[in-house]
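# Structural features, examined
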There are 2 protein chains.
Amino acid sequence: MAASTLTEVARLAGVSPATASRVLNGSARKPGQDIAERVRQAAASLGYIPNAQAQGLAKSSSGLIGLIVHDIADPYFAAIARGVQEAAREQRKMVLLATTEGAPADEREAVAAFAARRADSIVIAGSRSSRPEDQEGNAGLAAELDRYCRNGGHVGVVGHPVVGATATGGYHVVPVPNEELAASLAEELAATHNGDFVIIGGPEGLFTSDDRVRGFQRGLSKAGRPPAEVLRSAFNRSGGYEAGLALAARIKAARTKAESDGIKGAGSDDGDGPAASSRICIFAANDVMAIGAAAALRSEGLRIPRDATIAGFDDIETLRDFRPALSTVHLPLEEIGRQATRSANAGAETGDGEEAPAPVTGHVTLRRSTETHG
Amino acid sequence: MAASTLTEVARLAGVSPATASRVLNGSARKPGQDIAERVRQAAASLGYIPNAQAQGLAKSSSGLIGLIVHDIADPYFAAIARGVQEAAREQRKMVLLATTEGAPADEREAVAAFAARRADSIVIAGSRSSRPEDQEGNAGLAAELDRYCRNGGHVGVVGHPVVGATATGGYHVVPVPNEELAASLAEELAATHNGDFVIIGGPEGLFTSDDRVRGFQRGLSKAGRPPAEVLRSAFNRSGGYEAGLALAARIKAARTKAESDGIKGAGSDDGDGPAASSRICIFAANDVMAIGAAAALRSEGLRIPRDATIAGFDDIETLRDFRPALSTVHLPLEEIGRQATRSANAGAETGDGEEAPAPVTGHVTLRRSTETHG
DNA sequence: CTGTTAGCGCTTTCAG
DNA sequence: CTGAAAGCGCTAACAG
C-alpha cells in the first residue's frame with residue numbers, strides 16, 4: 001500500500017497534476033483560490049506526502065546536507081553537529097550523517113554517497129591528516145570532493161582545507177585559529193607557571209593537533225621558555241590516559257629522587273606538593289585528552305593542580321563540571337558548525353552573496369586545573 | 001555541469017542503459033565479462049556516480065534511516081546515535097538526522113519529512129511525553145507514524161511506545177527496563193544509606209523520568225523505606241542544577257538548625273559532615289541532571305558524598321571521569337541504538353525474521369558519590 | 001545474455 | 001490561469 005501520489009490528488013480534485021503541483025508545492029504561479037482549496041482538501045483527505053525523491057529528481061536538488069564527522073558520540077563533534085543541524089533547519093534542509101573515524105578512505109566514500117544522493121552541500125568536520133599512510137586516502141578524498149564541487153556541490157570544511165583539493169568554486173573553509181589560541185594559552189600559562197611544560201599531542205600529521213602543538217611552542221618561546229617535550233598518542237580520551245600514565249610515572253620518579261636528595265617541599269601525599277619549579281604543566285591538545293590524562297594522574301595518586309597542572313583545548317560543555325575545573329581554550333563549536341553550513345549554502349544559493357560572518361574566534365579560559373596556588 | 005548519467009556511460013561503452021545498470025549496480029543477472037569491463041571503464045572515465053534519488057524512485061526504497069533525537073549534543077542521544085549509525089552502516093544505509101527538543105509537533109514534522117524522503121525506517125529516541133500540553137502533538141505524531149507504517153515504513157522506538165500509535169505492523173519497541181533498574185538502584189542504596197532520599201525528576205509526564213521515579217520509589221518501599229520527596233525540573237543539566245540549588249539551601253538550613261540545637265557531628269566545612277542519618281541521598285533521573293545537581297551543591301560549598309550523596313542514571317561515558325565518581329545505572333546506549341535500528345530493519349527486510357536480540361538490560365553501578373564512608 | 005519499453009512521482013516548458 | 005507533454009536518471013519486465 002504505497003503512499004498516495006500527486007496524480008491521485010489531482011484526479012480527486014478534478015485538476016491536472018501540474019495544477020496540483022503548483023498549489024501544493026511552491027511555484028511562481030498561483031492557481032485560483034477555488035481550485036487551490038479543492039486541491040488542498042483532496043491532498044489532506046488522502047494524506048498526501050510529496051515524494052521528495054521524485055521532487056529531487058525533477059528539480060535536481062535534494063534538500064539534503066551531508067555532515068561528516070569522526071565520531072558523533074565525541075562531544076566535540078556532537079556540538080558541531082548541533083550547529084549544523086540548526087543551520088540546516090534554517091535552510092529547511094535535513095542533515096545526512098556519516099561517521100568515518102577520521103579515515104580518509106571512509107570520508108571519500110561518504111562524499112561519494114552524499115554526491116549520489118545529490119546533497120546540496122557537504123560539511124566536513126574533523127581534523128585532516130597529512131600522515132604518509134593517509135596520503136593515498138587524502139588524494140582520493142580530494143578527487144571526490146573536487147568532482148562533487150565540479151558538479152555543482154558546495155562544501156564547508158571546519159578548520160583546515162582538505163589537502164590537495166583544487167576545485168576552484170564551491171569550496172568554503174571556516175578557519176579556526178588553533179595556532180594563535182594555543183600560543184595565547186601558552187603565554188598565559190607561562191605567566192604563572194615556572195616549571196617545565198609537557199605537551200600531549202595527537203598523532204603527528206593531524207592538522208588540528210599539529211597546529212595546537214606548534215602554537216603552544218610558539219607561545220612558550222615568546223614567553224622566553226624552552227620548547228616543551230611532546231608526547232604523542234591517540235587524539236582522544238584513551239590517548240590522553242596513556243600519556244598521562246607515562247607522565248605520572250615520571251612525576252613520581254622525580255619526586256622520589258627529590259626526596260632521597262633531601263629537597264624540601266617535594267612531599268608525598270599530604271605535603272604542599274612538589275616545589276613549584278619541579279611541577280610540570282601539561283598541555284593536552286584537546287579537552288578529552290586532558291581529561292584522560294587527568295584521570296591517569298589521579299589513578300596514580302597524583303593530584304591536580306598540586307602535583308601537576310593541566311590544560312586542554314575546546315572547552316567541551318559536558319566537561320565543564322569536571323573538577324578541578326579544566327583550563328582550556330574556548331571554541332564556539334556550535335557556531336562553527338553553523339558557519340560551515342551557512343557558508344556552504346551561501347555558495348549554493350546566491351553564488352557567494354551574504355555578508356561574511358564574523359570570523360571564528362575563541363579565548364583562553366584559565367580555571368582551577370592550572371592554578372599555581374600561591 | 002551535471003554529473004554524468006548511466007545513459008552516458010552506456011553510450012560510451014556502446015551498450016544499453018539496462019546493461020550498464022546491471023553491471024554497475026547489483027543485479028541478479030550478470031553480463032558478460034568483456035562487456036562488464038567495458039562498462040566499468042566507461043563509468044570510471046566519466047566519474048560516474050549513480051543518482052540515488054533516481055534509483056530510489058525506481059526501486060521505491062531510499063537506503064535512508066531516519067533518526068529522531070531531542071538533542072544530538074546531549075551525550076545520551078549522541079551515544080544512541082552512534083549505535084544507530086553503526087547499524088546503518090551494516091545495512092549499507094545512511095542516517096538522516098532530526099532533532100526536535102522533544103516537541104511532539106516537531107517530531108511529527110520530522111516523521112513526515114522522513115516519509116517524504118521515503119526513509120526505509122525511522123528510529124525514535126527520546127522520551128515520550130504524556131503531558132496534557134503534548135496531547136495534541138502526540139496524537140499528530142501517532143497519526144503520522146501510523147500513516148508511515150501503513151505505507152510500508154518501519155519504526156523502531158527506544159523505550160516507550162508512542163502513545164496512541166495503533167499501526168499493527170512495522171512497529172518495534174526496544175524496551176528499556178527503567179523502572180526495574182531504578183528499583184534495584186534504590187534497594188542497593190537503601191542498604192547503606194540510612195537517611196532520607198530525595199528524587200530529582202524531570203517534568204511529570206515524561207515516561208522515562210516517570211518510570212525511573214516510580215521504580216525508585218518502589219525499590220525504596222521494598223527496602224522498607226518511606227517514599228522519597230520528588231522535585232521536578234527540566235530533564236537536563238540545568239534542571240538538575242536548579243533542583244540542586246534548592247536542595248543545597250535546605251541542607252544548609254538543616255545543618256544550621258542542627259548546630260544551634262547543639263547536635264554533634266553536624267559540622268561545617270571541615271568536620272566529619274552531618275550525622276549519617278541527616279544526610280540525604282539524592283537520586284537524579286539521569287546522569288546529566290545528577291551532574292548539574294552536584295555542581296549546584298558544590299557551588300554552595302557542600303561536598304559529595306560528605307554532605308549529601310547522589311546517584312544518576314544512564315552511565316554516560318563522558319561523565320565517567322567526573323569526581324566523585326557518579327553512582328548510576330549503566331545502560332548500553334549504543335547497543336540500544338543498534339537494536340532499535342536493527343529491529344526496524346528486520347521488519348523491513350524479512351518481514352520480521354531474524355533471531356530476537358537479547359533484551360536490553362543495565363546494571364546498578366555504585367561509585368564514590370554514594371559512599372557512606374564508614 | 002542483451003536491448004527495448006515502460007514507468008517511479010514530480011516539475012516544467014509549452015500550448016491552449 | 002490551466003492542461004498536455006516531455007523528461008529528471010534509473011530499474012524492471014518483457015522481448016529478441
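Remember, predicted model here, so these are calculated numbers, not experimental data.

What follows deals with the interface of chain B and chain A. On the chain A side, the residues contacting the 56 residues of chain B number 56 residues. Taken over both partners, the interface formed by chain B and chain A buries close to 4,900 Å², and the fraction arising from carbon and sulfur atoms is 54%. Looking at the side of chain B facing chain A, the largest losses of area belong to B:Gln53, B:Met94 and B:Asp321, adding up to 15% of the total buried there. At the surface where chain B touches chain A, the tally comes to 6 salt bridges. Two residues, A:Arg82 and B:Asp71, come together in a salt bridge whose shortest N-O distance is 2.5 Å. The interface formed by chain B and chain A contains 18 residue pairs in polar contact (both at pLDDT 80 or more). Counting residues per element, the ones that place at least two in the side of chain B that touches chain A are helix H4 (52–59), helix H5 (75–90), strand E2 (94–99), helix H6 (104–116), helix H7 (135–150) and helix H11 (287–299) of chain B.

Soluble globular proteins tend to pack their nonpolar side chains together in the buried interior. Of all hydrophobic cores here, the largest spans 134 residues; its most connected members are A:Phe216 and B:Phe216. Beyond its immediate sequence surroundings of up to four residues, A:Phe216 is in contact with A:Ala182, A:Ala183, A:Leu185, A:Ala186, A:Leu189, A:Phe197, A:Ile199 and A:Phe283. By size, the runner-up hydrophobic cluster in this structure holds 49 residues, among which are A:Ile49, A:Leu96, A:Tyr148 and B:Ile124.

What follows concerns the relation of the copies chain B and chain A. Screw-axis analysis of chain B against chain A gives a translation of 0.0 Å along the axis, an RMSD of 0.1 Å, and a rotation angle of 180°. Look at the turn and shift together and you get a two-fold axis relating the two. A share of 100% of interface residues in chain B that are also interface residues in chain A marks the association as one of identical surfaces.

One pass over the structure, following the stated rule, counts 56 salt bridges over all chains. Through salt bridges with shared partners, a single ionic network connects A:Asp71, B:Arg82, B:Glu86, B:Glu334, B:Glu335 and B:Arg338.

Attention shifts here to the domain arrangement of chain A. When cut into domains, chain A gives domain 1 (6–58), domain 2 (62–176 + 334–350) and domain 3 (178–330). Summarising the inter-unit geometry, the C-alpha centres of domain 1 of chain A and domain 2 of chain A are found 35 Å apart.

The subject of this paragraph is the sheet that holds strand E8 (residues 280–284) of chain A. All names here are of chain A. Ordered in space as E7-E6-E8-E9, the 4 strands form an open sheet in which the pairing is parallel. Of all strands in the sheet, those with a lone pairing partner are strand E7 (229–232) and strand E9 (308–311), marking the two edges. Across the sheet, the mean angle from the axis of one strand to that of its neighbour is 25°, orientation sign disregarded. Looking at chain direction, strand E6 (residues 197–201) and E8 are connected through 4 bridges and run parallel. Note on E8: the bridge partner recorded for phenylalanine 197 is cysteine 281. Sitting on the sheet, helix H9 (residues 207–222) touches E6, E7 and E8, and the angle it makes with E6 is about 170°.

For the rest of this paragraph, the subject is the pairing of strand E1 (residues 64–69) of chain B. Residue and element names in this part refer to chain B. When you tally the buried positions in E1, you get 6 out of 6 residues, the bulk of the element. Relative to E2, E1 runs parallel, the two being bridged by 6 bridges. Counterpart to isoleucine 65 in the pairing with E2 is valine 95. Crossover handedness for the path E1 to H5 to E2: right-handed. Two strands pair when backbone bridges link them, and E1 and strand E3 (residues 121–124) are joined in this way by 4 bridges, in the parallel orientation. From the neighbouring strand, leucine 67 faces E3, where its bridge partner is valine 123.

Let us now look at helix H2 (residues 17–24) of chain B. Along H2(B), the residues classified as buried are B:Thr19, B:Ala20 and B:Val23. For H2(B), the angular spread of buried residues about the axis comes to 100°, placing them on one side.

All names here are of chain A. All told, the structure shown has 8 aromatic pairs over all chains when counted by the stated rule. Both rings, one in phenylalanine 197 and one in phenylalanine 216, keep their centres 5.8 Å apart while their planes meet at 65°; by these two values the pair is edge-to-face. Of the two residues, phenylalanine 197 is situated in strand E6 and phenylalanine 216 in helix H9; the sequence distance between them amounts to 19 residues.

Calculation criteria
Residues numbered from 1 in each chain as written. Chains lettered and ligands numbered in written order. Predicted model: local features only at pLDDT ≥ 70, side-chain atom pairs only at ≥ 80, totals over all residues. Heavy atoms only, no water. Contact = heavy atoms within 4.5 Å. Buried area = accessible area lost by both parts, 1.4 Å probe. Salt bridge = Lys/Arg side-chain N within 4 Å of Asp/Glu carboxyl O. Polar contact = N/O pair within 3.5 Å; in protein donor to acceptor, adjacent residues only side chain to side chain. Helix = DSSP H or I, 4+ residues; strand = E, 2+ residues; numbered from the N terminus. Core = buried A, V, L, I, M, F, W, Y, C linked by side-chain atoms within 4.5 Å. Buried < 20%, exposed > 50% of the residue type's maximum accessible area, 1.4 Å probe, protein only. Least-squares fit on C-alpha atoms with pLDDT ≥ 70 in both. Domains from an automatic or database assignment. Pairing = 2+ DSSP bridges. Axes fitted to C-alpha atoms, helices over the stretch in contact; angles between N-to-C directions. Right-handed = clockwise from strand over helix to strand, strands pointing away. Arc of directions from axis to C-beta. Phe/Tyr/Trp six-rings, centres within 6.5 Å; stacked < 30°, edge-to-face > 60°.

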